[in-house]
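# Observations on the three-dimensional arrangement
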Amino acid sequence: MKDIYIIGSGGFSKEVYFLIKQIGGYQIKGFVDIEQQEDILINNEYVSVISEDNLISTFPGSCLAIGLGNPKLIAKVSEKFNNFIFPNLIHPSVIFNDNKIIMGNGNIITSGVIFTTNIQVGSFNVFNLSSTIGHDVVIGHCNVINPSVNISGGVQIGSNNLFGVSSTILQNKSIGNNSVIGASSLVVKNVLDNLVVFGVPAKVFKK
């Protein structure tokens, strides 16, 4: 079994903890936070928390998983720990065609996610529960796709975007970089960089 540490000690890091347990093949050595805190109690089991400095100085080259739900923080962490190993963590229930998907590293793909065909995925993306990715989709880096998001065929997505729960991107649309798609929104037009959009249909809330 390979040793692995989880960056973060909040709610999503605990979900990543259970994801790794379900995948198997890894020994979770602990959570990693900016400063060392008290151990975390999960299902009557205490899991250690170490500081980032301790990880860097003591365990270089270890496997890491980023248990964060903020695209900008994910990007910062991936750069800071670029000499560590970030495996793709894929729940056993995920449906996808290996031969028709190109994928980077450090992606977290949780239960019930469906990938269809001819899809390109960068690195350090989060695909949360029961999201669907259509044909010919291209996705950049450090995007957080929350539960039940539907990305239709032919969509082009940049990097560092946040997709709210149950949002839908219609076919052949594009999402730039550093934007937020509100929960339950329906995107029917292209979304440029650095925007917040929401609604049905989605409209610009602020730039």
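Here, the structure is the one placed above.
This report concerns the structure included in the present document. (Residues numbered from 1 in each chain as written. Predicted model: local features only at pLDDT ≥ 70, side-chain atom pairs only at ≥ 80, totals over all residues. Heavy atoms only, no water.)

### Some thoughts on the overall build of the protein
Worth spelling out the cut-off: Per the convention used, a helix needs a DSSP run of H or I reaching at least four residues, while a strand needs a run of E reaching at least two, with both numbered from the N terminus. The size measure is the radius of gyration over C-alpha atoms, and the globule rule it meets is 2.2 Å times the number of residues to the 0.38 power. A 1.4 Å probe rolled over the protein chains alone gives each residue an accessible area, and that area as a share of the maximum for its type sets the label: buried under 20%, exposed over 50%, partly exposed in between. Surface accessibility follows the Shrake-Rupley procedure with a 1.4 Å probe radius. Residue values consider only the protein chains on display as shielding. Note that His is not counted, nor are the chain ends; the positive residues are Lys and Arg, and the negative ones are Asp and Glu. The atoms used to mark charge sites are NZ of Lys, CZ of Arg, CG of Asp and CD of Glu.
Within the protein, the regular secondary structure consists of 3 helices and 24 strands. Taking 17 Å as the expected radius of gyration for a compact globule of 207 residues, we find that the protein reaches 17 Å, a close match to that expectation. Each of the three principal axes of the protein carries a C-alpha extent, and together these read 50 × 40 × 30 Å. Residues counted as buried form 48% of the 207 residues belonging to the protein. Summed over its atoms, the accessible surface of the protein is roughly 9,900 Å², and 51% of this surface lies on carbon and sulfur atoms. For the protein, the distance from the average position of its 13 positive side-chain charges to the average position of its 13 negative side-chain charges is 13 Å.

### A short note on the environment of Gln37
Here Gln37 is to be found in the loop between strand 2 (26-33) and strand 3 (40-42). For Gln37, a relative accessible area of 45% gives the class partly exposed.

### Brief notes about the side chain of Asn128
Structurally, Asn128 is set in the loop between strand 12 (126-127) and strand 13 (132-133). Taking the relative accessible area as the measure of exposure, Asn128 reaches 6% and is therefore buried.

### Concerning the nonpolar core
For clarity, the cut-off: Buried Ala, Val, Leu, Ile, Met, Phe, Trp, Tyr and Cys residues form a nonpolar core when they are joined through side-chain atoms within 4.5 Å. For this analysis, residues touch if any pair of their heavy atoms sits within 4.5 Å.
Counting residues in hydrophobic clusters, the biggest one holds 36 residues, and the most contacted among them are Ile20 and Leu55. Counting residues per element, the ones that place at least two in this core are strand 1 (2-7), helix 1 (11-23), strand 2, strand 3, strand 5 (49-51), strand 6 (63-66) and helix 3 (71-80). The dominant element in this core, judged by the number of residues it contributes, is helix 1, at 5 residues. Ignoring anything within four residues of it in the chain, the contact list for Ile20 reads Ile4, Ile6, Tyr26, Ile28, Ala65 and Leu89.

### Topic: the state of the cysteines
The test is simple: The criterion for a disulfide is a pair of cysteine sulfur atoms lying within 2.5 Å.
Here the structure, examined in full by the defined rule, presents 0 disulfides. Summary of cysteine pairing: Cys63 is not part of a disulfide, and the nearest cysteine sulfur, belonging to Cys142, is at 18 Å. For Cys63, a relative accessible area of 8% translates into the label buried. With relative accessibility at 5%, the residue Cys142 sits in the buried group.

### Overview of the sheet that holds strand 8 (residues 101-103)
For clarity, the threshold we go by: Between any two strands, at least two bridges found by DSSP are needed for them to pair.
Taken in spatial order, the 5 strands of this open sheet run 8-11-14-17-20, and their pairing is parallel. With partners counted over all chains shown, the strands left at the sheet margins are strand 8 and strand 20 (174-175), one partner each. Relative to strand 14 (residues 138-139), strand 11 (residues 119-121) runs parallel, the two sharing 2 bridges. Across the sheet, Val121 pairs through a bridge with Ile139, a residue of strand 14.

### Focus: the side chain of Thr110
Mapped onto the elements of the fold, Thr110 is located in the loop between strand 9 (108-109) and strand 10 (114-115). Residues in contact with Thr110, not counting those within four places in the same chain, are Leu19, His91, Val94, Phe127, Asn128 and Leu129.

### Some details on the packing of aromatic side chains
Operational definition: Only rings of Phe, Tyr and Trp enter the pairing, Trp through its six-membered ring, and a pair is recorded when the two centres are within 6.5 Å. The plane angle decides the type: under 30 degrees is stacked, over 60 is edge-to-face, the rest tilted.
One pass over the full model with this rule turns up 7 aromatic pairs. Measuring from centroid to centroid gives 5.3 Å for Phe198 and Phe205, while their planes differ by 65 degrees, and the two rings are edge-to-face. A relative accessible area of 54% means that Phe205 is categorised as exposed.

### Thoughts on the sheet that holds strand 1
Whether parallel or antiparallel, the strands of a sheet pair through hydrogen bonds between backbone atoms. Applied cut-off: Lines fitted to the C-alpha atoms define the axes, with helices restricted to the stretch that makes contact. Angles between their N-to-C directions range from 0 to 180 degrees.
Read from one edge to the other, the open sheet built from 4 strands follows the order 5-2-1-6, with strand pairing classed as parallel. Every other strand in the sheet has two partners, leaving strand 5 and strand 6 as the edge strands with one partner each. Strand-to-strand twist across the sheet, computed as the mean angle between neighbouring axes with direction ignored, equals 35 degrees. Two strands pair when backbone bridges link them, and strand 1 and strand 2 are joined in this way by 6 bridges, in the parallel orientation. Directly across from Asp3, in strand 2, lies its bridge partner Gln27.

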